[in-house]
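Chain by chain, the residues run as shown.
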Amino acid sequence: MSDPVSHSAPRPDRQADAAALARDPAAAEPYPDIADYAVIGDCRSAALVSRTGSIDWLCLPHFSAPSVFAALLDKERGGRYLLRPADILSCRRRYDGDSAVLVTTYHCRDGILKVSEAMTLLPEDAGGEELQPQHELLRLAECVEGEVRLHVEFEPRPGYGARGVKLRRRGRLGWYCEIDPGRRHGNQGSGALYLYGDMDLQAEAGGTRLRGQMLLREGDCCRLAMAWSGNGICVLPPASEVSERIACTRRWWMRWAGGSGYRGPYRDAVLRSCITLKLLTYRLSGAVVAAATTSLPVHRGGERNWDYRYCWLRDTSMLLQCLLDLGFRSESAAFIDWLLHATRLTRPRVDVMYDVHGNPVPREDIARLEGYRGMGPVRIGNAAAEQLQLDIYGEVLLTARRYVEQGGELDGHERRLLLDLGEAVRRHWREPDNGIWEIRLPRRHNTHSKVMCWVALDALLAVHGQLGLELDEDAWRAERAAIRDDIENHGYSADLGSYVGYYGGTAPDASLLLLARYGYLPADHPRMRGTWALIQRQLASGELLYRYPPGSEYDGVGGADETFLLCSYWQVDYLVRLGEYDHARDIFERLAARANDLGLLAEGVAPDSGEPAGNFPQAFSHVGLVVAALALATTREGDGRARGDSVVGGRRRTYNSGRAGFLEDDLPGSGAQAEKEDP
Amino acid sequence: MSETERLSVQAAMDVDVALAVLGILVWAVIATLAMTSLMFISQFRGWSRLDLPLLLGSLFTGDREAASLLGFLLNFAGGCLIAFLYYFAFAFGGSGAGWLAGLVAGLAHGLVSLTVFLPVLSHIHPRLASEHDGAGVRRRLEPPGFLALNYGYRTPLVALAAHAVYGTVLGAGFRLLM
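Predicted, not measured: the structure shown is a model, and the values here were computed from it.

A.B. asks: Could you clarify how one ought to interpret the UniProt feature "transmembrane region" (unreviewed entry) in chain B in this entry?
C.D. replies: Mapped onto this structure's residue numbering, the UniProt feature "transmembrane region" (unreviewed entry) falls at residues 17-41, 69-90, 96-121 and 157-177 of chain B. Between the C-alpha atoms that bound residues 17-41 of chain B the distance is 36 Å, and the span itself is 100% helix and 0% strand.

Dropping the structure here:
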């Protein structure tokens, strides 16, 4: 499961190594491929570690705070924390069990080095009675065989590379610097950073960078700890505890992953996706960010560089539906709490996205970074926050429905919120919106958004009795029927024999595959089959799927789009519902092969090169993988499992609460649509 | 003076003392609140990382939340008790109370805290690490260093300003009592 790493030819002597070290390696090395990155994190922030041991991305104290290391987006100005051996011949890397502890084994010219690294998460029974740092990143290098010369370079550049730091030695406490991202970011991200451990580091470049090297022989190890504190006194656990704390972190993850009990197919891929999704969860609030990065380009030379380090209600809702299906209920409870908090100012209207604390997302700004491989701009903030996206209501209410149906409890405020959201749908569903793909054109009537409004009312009608919500059931049913009527009259093209992306348009949209998943229509309904056929004709590229026709004026953004992994995985879900299990499994396996060697997925894939495209790792893509795997787990007559059940925790559990039994005469034109709206 | 009169005078004196103590306490609470608020705001704004409640509370426990709560109570009680010293200093120091005297006393108090209290605390605190020995299993809290500069270069100014506010409030308040 490893790929050889590209490397320079072994240098003839140590002096040459020293000479190479004297140069600024950031200027000399190319950008790694996106697939070369691993992610480690502490469920508050996440670091990207390249295959060659460079931490090129880390924002502190949380995902959407200004960066401390951003060489990912500017190798010269961004800052990095590098730990790697000299003379690498090849490397293998893996996560340690079902954890987010990264283990990389370097095969070097004179020996083998194993590096374990993690951001600390301690189980409740670990850590004893002692104070713990706010954030801690640990790296443990062990020489397994022969001898290896280890290099370390540490260059924090706060505020997206805009600010340098002054590194100072604090005796045996190690090296220290104040992190000040600058006034542009308020006081967000200011704090103190310590780096300490076994290696003797030296300051250079005016104290803005540390560098050191160390010869490790078989059995030797080098422990390094980086501790961060925001506005409080820094806590510095001794370097002698690095190994133990990494082991504790591994235990924390194993315990969390053990809560799933998933026994279906592709267990490793599903668990890795769950762990990655958990890594993108801000554990202090329950918010989940869409991705750990900003502005990794979707397409070379395009404008599609977006900041995904915020919590989209849609993405989070989809994710929580997956986690609920896998048995992780506490995350959903935390999200509903967070939602209640986040919407306190806008309720019953919900914004498209919030920051991890439930505050509005900052206005879009351009950072002074060249961008990944020079492909800027690097955006901070997201202008889509001001859009209207009606589908969000459906996703949130569907999540609440799943939560309640699986025994989750809601308090009075939460129930009231759900009712308010439903009322908002009843008031606004006739309005045009920007849709699931955040179209930056004048608002239009997106078919998927209308369907999600239908799903929103459907979800509330399904659970209002259980929740004791007082609503006029007849009026709500009539409203739901009116939405369906509208969709069938305007969102379906008889000429094409397919639903279309927006009213009056002729282009398909991959989100229409969800109509079957959400119980709007059965997958084998002629209209769904027609939609599937059109999607395959216009959006498919092998097993990959575009969101909408590439190169069209569908979204109003310059530059080409790449295929979208989430949509690609929706094909699997649809095919399973259609009963084409083998076809579904074939697509799933080919898509799974698109992950990097650690099982991580970006937003999309460039069909030509096969390279990952867009932000990384991307929650949406991992949600797609889990949705698809769960779909495959639900059905296969030969397995003796009934369709609609999934194998979670060794017992049957209703997987899809959607209504798969709709009849054709429910549709407009049958003359009985309104009466038969409800089964 | 009859016994009754003596008791009456005694009772009146007792009431005066009680009222004086109450007055001192009221101003002590106001001054301490002002000082701790300023410290809290400066920490929140990122001007200083000095967290006195955590420093004090972690003398007794390694649990962050318990240490912060305990430290806040200790800090508050300390602020109220020290107010009595201010009162006696103003009462018997000859200069009397007033905002200017309070300001001077507060600055002196702040200077002593930075140059004497925190360095001494560094030596006796069971959880403060040291630059000489490094971090330990228990000693893992960043030490304050000279003038608490380890907690940010603005820390001495913030600490002096907070104590100056404390002294000024006490000086002005006690002037009303005297």
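A.B. asks: What's the story with the pairing of strand β14 (residues 209-217) of chain A in this structure? I'm lost.
C.D. replies: In summary, the side chains of a regular strand alternate between the two faces of the sheet. Residues and elements named next belong to chain A. As paired elements, strand β9 (residues 135-155) and β14 share eight bridges and run antiparallel to each other. Bridge assignment links His151 to a residue of β14, and that residue is Gln213. With three bridges joining them, strand β13 (residues 202-204) and β14 adopt antiparallel strand pairing. Its bridge partner being in β14, Ala203 is matched across the sheet by Leu210. Linkage of β13 to β14, two consecutive antiparallel strands, is achieved through a turn of four residues, within which Ala205 is found at a positive phi near 55 degrees.

A.B. asks: Can you help me understand the interface of chain B and chain A in this one?
C.D. replies: Frequently, the measure chosen for interface size is the accessible area that the parts lose on association. Contact with chain B, which involves 28 residues of that partner, is made by 20 residues of chain A. Residue assignment for the side of chain B that touches chain A shows that the elements contributing at least two residues are α1 (3-44) and α2 (52-57) of chain B. In terms of residue class, the side of chain B that touches chain A is built from eight nonpolar, nine polar and 11 charged.

A.B. asks: I'm lost on helix α15 (residues 619-634) of chain A in this one. Help?
C.D. replies: Residue pairs three or four apart in sequence face the same way in an α-helix, which turns once every 3.6 residues. Helix length check: α15 of chain A (16 residues) gives 22 Å between terminal C-alpha atoms against 22 Å at 1.5 Å per residue, within 8%. Of all 16 residues that make up α15 of chain A, 16 are buried, and the element is covered over most of its length.

A.B. asks: Just to check I follow, could you spell out the domain arrangement of chain A for this structure?
C.D. replies: All names here are of chain A. In terms of domain boundaries, chain A breaks down into domain 1 (14-257) and domain 2 (267-656). For domain 1 and domain 2, the distance between their C-alpha centroids amounts to 34 Å. Taken together, the contact between domain 1 and domain 2 spans 32 residues of the former and 37 residues of the latter. If you list the elements that add at least two residues to the side of domain 1 that touches domain 2, you get β1 (38-41), β2 (46-49), β6 (88-95) and α3 (242-257). Of the residues contributing to the side of domain 1 that touches domain 2, the split by class is 21 nonpolar, five polar and six charged.

A.B. asks: Got a minute to help me understand the packing of α1 of chain B against helix α3 (residues 64-92) of chain B in this structure?
C.D. replies: The relative placement of two packed helices is expressed as an angle between their axes plus a distance between the axes. Residue and element names in this part refer to chain B. Between α1 and α3, whose axes approach to 8 Å, the crossing angle comes to 125 degrees. In terms of axis orientation, α1 runs oblique to α3. As α1 runs across α3, the sense of the crossing is right-handed. Taken together, the residues of α3 that come into contact with α1 (itself represented by Ile24, Leu25, Trp27, Ala28, Val29, Ala31, Thr32, Met35 and Thr36) are Asn75, Phe76, Gly79, Cys80, Ala83, Phe84 and Tyr87.

A.B. asks: I tried to follow unusual backbone geometry on my own but got confused; where do I start?
C.D. replies: With the exception of glycine, the majority of residues adopt a negative phi angle, and the majority of peptide bonds are in the trans configuration. Residues and elements named next belong to chain A. Here the bond from Leu60 into Pro61 is cis, since omega is 10 degrees, no more than 30 degrees from zero. Assignment of secondary structure puts Pro61 in the loop between β3 (54-59) and β4 (67-69). Each neighbour pair has its own omega, and for Phe616 with Pro617 the value is -15 degrees, a cis peptide bond. Considering the arrangement of structural elements, one finds Pro617 in the loop between β28 (612-613) and α15. Its identity is not glycine, yet Cys43 carries a phi of approximately 60 degrees, on the positive side. Its place among the elements puts Cys43 in the loop between β1 and β2.

A.B. asks: Explanation requested: the sheet that holds β28 of chain A in the structure shown.
C.D. replies: Hydrogen bonds between backbone groups are what pair the strands of a sheet, and the pairing can be parallel or antiparallel. With antiparallel pairing, three strands are arranged side by side in an open sheet as β26-β27-β28 (chain A). The strands lining the two open edges of the sheet, one partner per strand, are β26 (563-564) and β28 of chain A.

A.B. asks: In this structure, what is going on with the pairing of β1 of chain A? I would like to understand it.
C.D. replies: On β1 of chain A, burial covers both faces: Ala38 and Ile40 of chain A on one face and Val39 and Gly41 of chain A on the other are all buried. If you look at the hairpin formed by β1 of chain A and β2 of chain A, you'll find four residues sitting between the two strands, and Cys43 of chain A has a positive phi there, around 60 degrees.

Cut-offs used in this document
Residues numbered from 1 in each chain as written. Chains lettered and ligands numbered in written order. Predicted model: local features only at pLDDT ≥ 70, side-chain atom pairs only at ≥ 80, totals over all residues. UniProt positions renumbered as here; feature names shortened; annotations may be inferred. Helix = DSSP H or I, 4+ residues; strand = E, 2+ residues; numbered from the N terminus. Pairing = 2+ DSSP bridges. Contact = placed C-beta atoms within 7 Å. Nonpolar A, V, L, I, M, F, W, Y, C, P; charged D, E, K, R; others polar. Expected span 1.5 Å × (residues − 1). Buried ≥ 20, exposed ≤ 12 C-beta atoms within 10 Å, placed from the backbone. Domains from an automatic or database assignment. Axes fitted to C-alpha atoms, helices over the stretch in contact; angles between N-to-C directions. Parallel < 35°, antiparallel > 145°, perpendicular 65-115°, else oblique. Left-handed = near helix turned anticlockwise from the far one by under 90°.

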